[in-house]
Amino acid sequence: MSDQSHPEAWQRELKRSFTRVEDLLTHLELDPHRLALAADTSRDFPLLVPRGFVARMEKGNPQDPLLLQVLPLQAENERAPGFFRDPLGERAAVRGTGLLRKYRGRWLVLTTGACAVHCRYCFRRHFAYERFSLHRREFDEAIASLRRDPDPGEVILSGGDPLMLEDDWLAEILGRMGELPGVRRIRLHTRLPIVLPERITPRLCRLLAAGTRPKVLVVQANHPREISPAVRGGLAALRQPGITLLNQSVLLRSVNDSSATLAALSEALIEADVLPYYLHQLDPVEGAAHFAVPDERARTLMGELRACLPGYLVPRLVREVAGADCKVPLA
Ligand SMILES: *Cc1c(COP(=O)(O)O)cnc(C)c1O
Ligand code: SF4
């Protein structure tokens, strides 16, 4: 049990995260005057990056692929045609507190608006998560909605990041949802095992392993250097009780838009017992246009990957299309 006065080690680590651009740049020995930084990002979607993730960045390199994922640049303030605040029309899919029915056979549960890192390309950067997240006081109601569905299939805990929840609350959600008739699996979409491996405690592994329904954990690493020894350790602990581990990446200009980088990522993942699942084309969210990679280039990269990797290490290139009941494959 943790509370404000007795935070767990991972919560203390999270509190030590960088939240000021100046501090991050000083730490990385970068001159802020030589970077085109965003003037004011502090209100909407401020810098947030744990120290352990920063430790994997190369000092003195303004083009570091890990840094580019988290550093608010001037380019974010530029408007680009075809990029919107709610590109996926998520508001239209809201069914009740915390529940989204976007895909057949799968319920999406927005467990929290919080993340341990603020990824500048994130499609939910403008989404009013807190307003739609699952709250304790409405938990019974959410369970009742799932119970009314004769065939709920898979429950996907998303957010934000579901591993930001405290253990007891997460255990309660997993426990009650895992007992519902017709729930075959529980899946979690989380970036914490990558950006804050301290979160993977023995207690978390035990509570994820509890219950009879299979668990699938989908992490998000975009570059091979994100898979540090500490990350590998956490992933190994998750694999031990039999949790299936998959990875999804976002294809990002200047971060991972080369077949050598993507191939190295797949190799680093399988070494950590994680299978590459999706490579997402960027969602056209306002402020992220500078990360976009043209479809033609993305298809070329996939061809190069197929030529050098075994099939099971080639992720599926997909795009999410508003209103579609599955991801659209591009190659
Ligand atoms: C795509 C997506 C899903 C469902 O994806 P699958 O195709 O079933 O893997 C769930 N949650 C989020 C956030 C997604 O983007
Ligand atoms: S961790 Fe996931 S939800 Fe959170 S900002 Fe990054 S991409 Fe978005």
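Residues numbered from 1 in each chain as written. Chains lettered and ligands numbered in written order. Predicted model: local features only at pLDDT ≥ 70, side-chain atom pairs only at ≥ 80, totals over all residues. Heavy atoms only, no water.

### Details of the site of ligand 1
Here is step 1: With respect to spatial proximity, the complete set of residues near ligand 1 consists of Tyr-103, Arg-106, Leu-108, Ile-156, Ser-158, Arg-187, His-189, Tyr-277, Tyr-278, Glu-320 and Lys-327.
Here is step 2: Here an oxygen atom of ligand 1 and a side-chain polar atom of Arg-106 are 2.6 Å apart.
Here is step 3: With respect to ligand 1, the side chain of Lys-327 contributes an N or O atom lying 2.6 Å from an oxygen atom.
Here is step 4: Coverage of ligand 1 by the protein chains reaches 93% of its 380 Å² of free accessible surface.
Here is step 5: Elements with a contribution of two residues or more to the shell around ligand 1: β3 (106-110), β4 (153-158), β5 (183-189) and β8 (275-280).
Here is step 6: Per-class residue counts for the shell around ligand 1 are 5 nonpolar, 2 polar and 4 charged. (Near = heavy atom within 4 Å. Polar contact = N/O pair within 3.5 Å; in protein donor to acceptor, adjacent residues only side chain to side chain. Areas by Shrake-Rupley, 256 points an atom, 1.4 Å probe, with all protein chains shown as cover. Helix = DSSP H or I, 4+ residues; strand = E, 2+ residues; numbered from the N terminus. Nonpolar A, V, L, I, M, F, W, Y, C, P; charged D, E, K, R; others polar.)

### A look at empty space enclosed by the protein
Here is step 1: Scanning the entire structure with this criterion turns up 2 cavities of 30 Å³ or more.
Here is step 2: In this structure, the largest cavity encloses a volume near 80 Å³.
Here is step 3: Lining the largest cavity are Asn-247, Ser-249, Leu-262, Leu-265, Ser-266, Leu-269, Pro-276, Tyr-278, Leu-279, Leu-305 and Pro-315.
Here is step 4: Put simply, the parts of the chain that give the lining of the largest cavity at least two residues each are β7 (244-250), α11 (259-271) and β8.
Here is step 5: A total of 4 residues in the lining of the largest cavity trace back to one element, the largest contributor, which is α11.
Here is step 6: Tallied by class, residues from the lining of the largest cavity come to 8 nonpolar, 3 polar and no charged. (1 Å grid on protein atoms, 1.4 Å probe; cavity = no way out; pocket = protein on both sides within 12 Å on 5 of 7 lines; lining within 4 Å. Points joined across faces, edges and corners; volume = space filled by probe spheres on them.)

### A look at the site of ligand 2
Here is step 1: Taken together, Cys-115, Val-117, Cys-119, Cys-122, Arg-191 and Gln-220 form the complete shell of residues around ligand 2.
Here is step 2: Tallied by class, residues from the shell around ligand 2 come to 4 nonpolar, 1 polar and 1 charged.

### Some details on the nonpolar core
Here is step 1: Counting 79 residues, the largest nonpolar core has Leu-24, Val-49, Met-57, Leu-157, Leu-170, Met-177 and Leu-238 as its most contacted members.
Here is step 2: Contacts of Met-57, omitting those with residues within four sequence positions, involve Leu-28, Val-49, Asp-64, Leu-66, Leu-67, Val-70 and Arg-225. (Core = buried A, V, L, I, M, F, W, Y, C linked by side-chain atoms within 4.5 Å. Buried < 20%, exposed > 50% of the residue type's maximum accessible area, 1.4 Å probe, protein only. Contact = heavy atoms within 4.5 Å.)

### Topic: the pairing of β3
Here is step 1: Counting buried positions over the 5 residues of β3 gives 4, a clear majority of the element.
Here is step 2: Bridge count for strand β2 (residues 99-103) against β3 is 3 bridges, and the pairing is antiparallel. Counted as the bridge partner of Leu-99 is Val-109 from β3.
Here is step 3: Hairpin geometry of β2 and β3 is characterised by an intervening segment of 2 residues between the two adjacent antiparallel strands and by a positive phi of about 75 degrees at Gly-105.
Here is step 4: Across 5 bridges, the pairing between β3 and β4 is parallel. (Pairing = 2+ DSSP bridges.)

### Brief notes about unusual backbone geometry
Here is step 1: Along the chain, Gly-159 connects to Gly-160 via a cis peptide bond; the corresponding omega equals 10 degrees.
Here is step 2: Structurally, Gly-160 is set in the loop between β4 and α7 (167-178).
Here is step 3: Look at Glu-29: it is not a glycine, yet its phi comes out positive at around 60 degrees.
Here is step 4: For Glu-29, the location among the structural elements is in the loop between α2 (21-27) and α3 (51-54).

### Examining the pattern of salt bridges
Here is step 1: Counted according to the given criterion, the structure contains 21 salt bridges.
Here is step 2: Arg-225 serves as the salt-bridge partner of Asp-64, at 2.8 Å between the closest nitrogen and oxygen. A residue pair is termed long-range when its members are at least 10 positions apart, and Asp-64 in the loop between α3 and α4 (65-70) and Arg-225 in the loop between β6 (215-219) and α10 (229-239) qualify at 161 residues.
Here is step 3: Between Asp-295 and Arg-319 there is a salt bridge, with its nearest N and O atoms 2.9 Å apart. Taken together, the residues Asp-295 in helix α12 (residues 295-308) and Arg-319 in strand β9 (residues 316-319) connect sequence positions 24 residues apart. (Salt bridge = Lys/Arg side-chain N within 4 Å of Asp/Glu carboxyl O.)

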